[in-house]
There are 2 protein chains.
Amino acid sequence: MNRKSHNDFKINQVDLITDLQTLIRQPSVSAKNIGMTECAIKLQNIMTKAGIATKLIYPDQNSNEFINIKSESKLGYSPDLKNDAIPPIVYGEIRSKKNPDGKTILFYNHYDVQPEDPVDLWENKDPFSGKIHGNFIYGRGSSDDKGEIMTRIKAVEYLLKKYGDIPCNVKFLIEGEEEIGSPHIKAFLNQYKELLHCDGVIWEFGYFDEKDRPLIILGVKGILYVEIVTKGGPSRDVHSSLASLIENPAWIMVNVLKNIRSDSGRILIPDWYREMRPFSNYEITILQEQPFDEEFFKKEYGIDKFLNNLNGFEAKKYYEGMPTCNISGLYSGFSGKGSKTVLPNKAVAKIDFRLVPDMDPDLQFKRLCDHLEQCGFTQDMLEIKLVHKTPPARNSSINNQFISVVEETAKNIFDTAIKCISSAATGPMYYFMNILDAPCVCIGSSYKYGKAHAPNEYARLDLLLKTTEYISAIIENFGKINRKKLNQSKI
Amino acid sequence: MNRKSHNDFKINQVDLITDLQTLIRQPSVSAKNIGMTECAIKLQNIMTKAGIATKLIYPDQNSNEFINIKSESKLGYSPDLKNDAIPPIVYGEIRSKKNPDGKTILFYNHYDVQPEDPVDLWENKDPFSGKIHGNFIYGRGSSDDKGEIMTRIKAVEYLLKKYGDIPCNVKFLIEGEEEIGSPHIKAFLNQYKELLHCDGVIWEFGYFDEKDRPLIILGVKGILYVEIVTKGGPSRDVHSSLASLIENPAWIMVNVLKNIRSDSGRILIPDWYREMRPFSNYEITILQEQPFDEEFFKKEYGIDKFLNNLNGFEAKKYYEGMPTCNISGLYSGFSGKGSKTVLPNKAVAKIDFRLVPDMDPDLQFKRLCDHLEQCGFTQDMLEIKLVHKTPPARNSSINNQFISVVEETAKNIFDTAIKCISSAATGPMYYFMNILDAPCVCIGSSYKYGKAHAPNEYARLDLLLKTTEYISAIIENFGKINRKKLNQSKI
């Protein structure tokens, strides 16, 4: 494994861009169930063209993680999603001809994207343009996750063209529900456990930092996403002159929210932090060694200080390792231009709680509901809908050959690699680690300060190409390792 | 003055409906500056056709009440509205031929309407339909205030046709900015004080209760309408995984709001209640005598109890005589279907404070700003925009011949009349009382439980006709009173 081996790396850049544009220009917003199957079919065509045997698998209608939640609390419920159309999972596979019993890498990705709103803030008001300006390609999904998908597919295509074979076995699992909490992935992994057997998972995202250094991220936070609707007011929006006699659901919402989180950010729900796993020695070491340009970070996001004036080690610890409670959406009454005097019928808050190991989203949901009940809120005043949930995950050890191959390959290609204990974001890694019993690493082509989930999301062309090279090198290097050894190292 | 005198009342109902439909179908939303002059011209045509000499007068560009506010607080500001197009005031006049030196009634109304949102909740999604179903005519403005305007115009038209003259002088002042706080009315009244000289003002609205009894309302609440924008977060909407390091403006908003009002509805701003005038004996008597069907009220608005379990005298006192703090609008981040994980760039709250005599909106605005500054909020975290303001007003006495004529006419036509110390709603009555030195009474054709300011606003045709008769009888009866006597009674 040395740098020289990849000096000859050369892929068809136009082909990568064209295929990525095809995917970006096909909106696939899982939250709105728009364009899902259409996007899956376009993706299947691109994979087939690359030489990957691909099929669409429809998850079992009855396997939704959220169907059978029976909250013991009066206030909480989860929606019945049984009848929703489920986007297919795109499964792909190539077995190595030379090394069929060798190692297997599973690429986990997703072809669904976040909602494009607010459209007004996109340049040219086109969130699905796929337009290129210089080194940037714009559009919802350009980075998260269609850009990443292309680096995996094009790496495989490159190797197939170069060798007429693939150095180790590769599998692709590309789902269409990641942005809505992957409700069917747990059941899918259980059902297809043998098919998906692998020795390591390359996760769906990864970043380069402000100095173009690649990050190797070893975990993800979990999430509990709820929608709280306050009622208890009039049966319709009414004239605000009635405010002396009729309760305003927006005021009830203020009361609810102030009981959930303190001004300093601490979550006020009893026992919320109880199962939080203490940081291990190796995690503390990683945090200490990790460079973090705080001023650059602040400048990028237009802030002059961190929450509670955090800095140094503590800032990194909070970012990667602490739970959060965030208001993603809040609305009630009149939001138009100018003024309207109205007493609204309801208020809605969309709240995402990020979770860290070993917090359990179901238990936290119950705690939230119980807490608000304890605070005196009744079913007449509010309801709490569980919108989605994912447990947190971290690799329990880094003494793993798969992770070592990734790290060494990164150092070989980029001269450096920065390990992180966890992403601050979320994905269903917990199920991959536990059901497939495989280590997972997040690496990818996104710029750390790109605009994922926001208007004018973009991917950098140089990083897309470099990551394609990186992934192809990982496949080559992983192909060189004896399967027996790998198994031993896992044990 | 007896009932018989109006047994011959007969107006052209089709004509009233057609003219009202013309006005409803011309949207005139002052908050959005849509259709204002168009509506004024249509109104002028209708008045001219009725025989009323009418002209459009444009308020002075520099007379906006909000321009010269200099809040001493760092957080507060008022928008510079100098360059906004100002809707014309429709002024109309008929002098009595027989009784030119007699009494003068001024009708104050407004042709602007509240915003039509949310359009989805209107039947057929058409807020400006003017459609008739049975006894109801639908559309924004059907009741507030285009329906009321028609009762005044058609009453005058009826008398002109009947007598070829008008029993007392009448004047019309119909403005286009009532729903945005009448920012130019004070200057207009000062400028045209002589032109507008009158002995009594019929206010722009009035109600019939659930038993079709007419209300005579003797005051209005004031208002302070502010828009609070919290900042202090990222310079754009960002991924919610950043919530452990970056402050969320929606959480700052929760913190702001909980410092403004207690859960029980008490306003927490120091000295807020200081200038509240104690209820006079006559006000207490009116409140005590006033029927109030609490169960009917609750049923109409779909509630099972009043705020803080108020009832009886206390409920009436709060409704008519106590200040409020209402959230009219609240929004931040993602409000679409499903979920999006975003940390928003800002949060906005639109708050209307209703004021009672002798609270001063300017002083209250300063107190609000100072209070939030005292709470520790800085200019980096929030700004408070004064959107509009109107002082409260109540007739200081009911020993007034104009009010007596209105009351006796009501009793004559309806057998009953219910006096109220104040509307819970707002209008610029303070300026009329103080600049024109005239008593003001609110009477009109609206049903107390109609849907003013809300979707599916309607007017009842029977009440429109009955009120037209009522107004014409008031003009007749007021024409019978000697001017000298009236002046004496006023002194």
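This report concerns the structure included in the present document. Note that the structure is predicted; figures quoted are calculated from it, not measured.

## Let's talk about the nonpolar core
Ranked by internal contacts, the top residues of the largest apolar core, which has 82 residues, are A:Val156, A:Ile202, A:Phe297 and A:Ile475. The leading source of residues in this core is helix α12 (residues 461-479) of chain A, at nine residues. Ignoring sequence-local partners within four residues, the contact set of A:Phe297 consists of A:Phe292, A:Phe306, A:Tyr319, A:Tyr449, B:Leu242, B:Leu245 and B:Ile246. By size, the runner-up hydrophobic cluster in this structure holds 81 residues, among which are B:Ala50, B:Leu218, B:Leu464 and B:Phe478.

## Things to note about the interface of chain B and chain A
Contacts between chain B and chain A engage 84 residues on the former and 84 residues on the latter. Of the roughly 7,300 Å² buried at the junction of chain B and chain A (both faces included), carbon and sulfur atoms supply 57%. On the chain B side of the contact with chain A, B:Leu245, B:Trp251 and B:Lys340 bury the most area, a combined 12% of that side's loss. At the junction of chain B with chain A, the criterion picks out four salt bridges. The partner of B:Lys258 in a salt bridge is A:Asp263, with the nearest N and O atoms 3.0 Å apart. If you look at where chain B meets chain A, you find 38 residue pairs in polar contact (both at pLDDT 80 or more). When residues of the side of chain B that touches chain A are assigned to their parent elements, the largest contribution, 10 residues, is made by strand β14 (residues 324-333) of chain B. Classifying every residue of the side of chain B that touches chain A gives 41 nonpolar, 24 polar and 19 charged. Taken together, the five bridges between strand β14 (residues 324-333) of chain A and β14(B) define a ladder with antiparallel strand orientation. Its bridge partner being in β14(B), A:Leu330 is matched across the sheet by B:Ser332.

## A look at the pairing of strand β12 (residues 222-230) of chain A
All names here are of chain A. Taken across its nine residues, β12 has nine buried, putting it largely inside the fold. Going residue by residue along β12, you find Gly222, Leu224, Val226, Ile228 and Thr230 tucked away on one face and Ile223, Tyr225, Glu227 and Val229 tucked away on the opposite face as well. Direction of pairing for β12 relative to strand β16 (residues 347-355): antiparallel, over a ladder of nine bridges. Bridge pairing links isoleucine 228 to alanine 349 in β16. In the sheet, β12 pairs with strand β17 (residues 382-390) via eight bridges, with the strands oriented antiparallel. Across the sheet, the residue bridging to valine 226 is leucine 386, located in β17.

## Some points on the pattern of salt bridges
All names here are of chain A. By the definition in use, this model includes 62 salt bridges over all chains. With a shortest N-O distance of 2.8 Å, glutamate 275 and arginine 367 are connected by a salt bridge. Of this pair, glutamate 275 sits in the loop between α5 (249-258) and α6 (281-289) while arginine 367 is found in helix α9 (residues 361-374), placing the two residues 92 residues apart along the sequence. Each of Asp15, Asp19, Lys49, Lys154, Glu157 and Lys161 takes part in a single network of salt bridges with overlapping partners.

## A look at the relation of the copies chain B and chain A
Between chain B and chain A, which share one sequence, the superposing operator has a rotation angle of 180° and an axial displacement of 0.0 Å; the RMSD is 0.0 Å. The relationship between the two copies is best expressed as a two-fold rotation axis. Of the C-alpha atoms belonging to chain B, the one lying closest to the rotation axis is found on B:Tyr331, 2.1 Å away. When the interface residues of chain B are mapped onto chain A, 100% of them again fall at the interface, so both copies present the same face.

## Structural notes on the sheet that holds β16(A)
Pairing is mixed in the open sheet, where 10 strands are placed in the order β2(A)-β17(A)-β12(A)-β16(A)-β14(A)-β14(B)-β16(B)-β12(B)-β17(B)-β2(B). Each edge of the open sheet carries a strand with a single partner, namely β2 (76-77) of chain A together with β2 (76-77) of chain B. With two bridges connecting them, β2(A) and β17(A) associate as parallel partners. The residue bridging A:Gly76 from the neighbouring strand is A:Ile384, located in β17(A). Strands in contact with α9(A) are β2, β12, β16 and β17 of chain A; relative to β17(A), the strand with the most contacts, it is inclined by about 165°.

## Let's talk about the sheet that holds strand β5 (residues 132-133) of chain A
Residues and elements named next belong to chain A. An order of β5-β6-β22 is seen for the three strands of this open sheet, with the pairing classed as antiparallel. Because the sheet does not close on itself, it has two edges, and the strands there are β5 and β22 (458-460). Summarising the sheet, strand β6 (residues 136-138) and β22 pair through three bridges and their orientation is antiparallel. By the bridge assignment for β22, phenylalanine 136 is matched with arginine 460. Those strands touched by α12 are β5, β6 and β22, and its axis lies near 60° from that of β22.

## What about helix α2 (residues 36-50) of chain B?
All names here are of chain B. Spanning 15 residues, α2 covers 21 Å between terminal C-alpha atoms, matching the ideal 21 Å at 1.5 Å per step. All of the buried residues in α2 are Met36, Cys39, Ala40, Leu43, Gln44, Ile46, Met47 and Ala50. The buried residues of α2 occupy one face: seen down the axis, they fall within an arc of 165°. Packing partners of the buried residues in α2 comprise α1 (13-24), β1 (53-57), β3 (89-94), α3 (146-163) and β7 (169-175).

## Topic: the packing of aromatic side chains
All chains considered together, the criterion is met by 46 aromatic pairs over all chains. On the numbers, 5.3 Å between centres and 80° between planes, the contact of A:Phe297 with A:Phe306 is edge-to-face. A relative accessible area of 1% places A:Phe297 in the buried class. On the basis of relative accessibility, which here comes to 1%, the residue A:Phe306 falls in the buried class. Arranged with centres 5.8 Å apart and planes meeting at 75°, the rings of B:Phe297 and B:Tyr449 form a pair that is edge-to-face. You can see B:Phe297 sitting in helix α7 (residues 294-301) and its partner B:Tyr449 sitting in the loop between β21 (446-447) and β22 (458-460), a full 152 residues away along the chain. The exposure class assigned to B:Tyr449 is buried, which follows from its relative accessible area of 2%.

Rules used in this analysis
Residues numbered from 1 in each chain as written. Chains lettered and ligands numbered in written order. Predicted model: local features only at pLDDT ≥ 70, side-chain atom pairs only at ≥ 80, totals over all residues. Heavy atoms only, no water. Core = buried A, V, L, I, M, F, W, Y, C linked by side-chain atoms within 4.5 Å. Buried < 20%, exposed > 50% of the residue type's maximum accessible area, 1.4 Å probe, protein only. Helix = DSSP H or I, 4+ residues; strand = E, 2+ residues; numbered from the N terminus. Contact = heavy atoms within 4.5 Å. Buried area = accessible area lost by both parts, 1.4 Å probe. Salt bridge = Lys/Arg side-chain N within 4 Å of Asp/Glu carboxyl O. Polar contact = N/O pair within 3.5 Å; in protein donor to acceptor, adjacent residues only side chain to side chain. Nonpolar A, V, L, I, M, F, W, Y, C, P; charged D, E, K, R; others polar. Pairing = 2+ DSSP bridges. Least-squares fit on C-alpha atoms with pLDDT ≥ 70 in both. Axes fitted to C-alpha atoms, helices over the stretch in contact; angles between N-to-C directions. Expected span 1.5 Å × (residues − 1). Arc of directions from axis to C-beta. Phe/Tyr/Trp six-rings, centres within 6.5 Å; stacked < 30°, edge-to-face > 60°.

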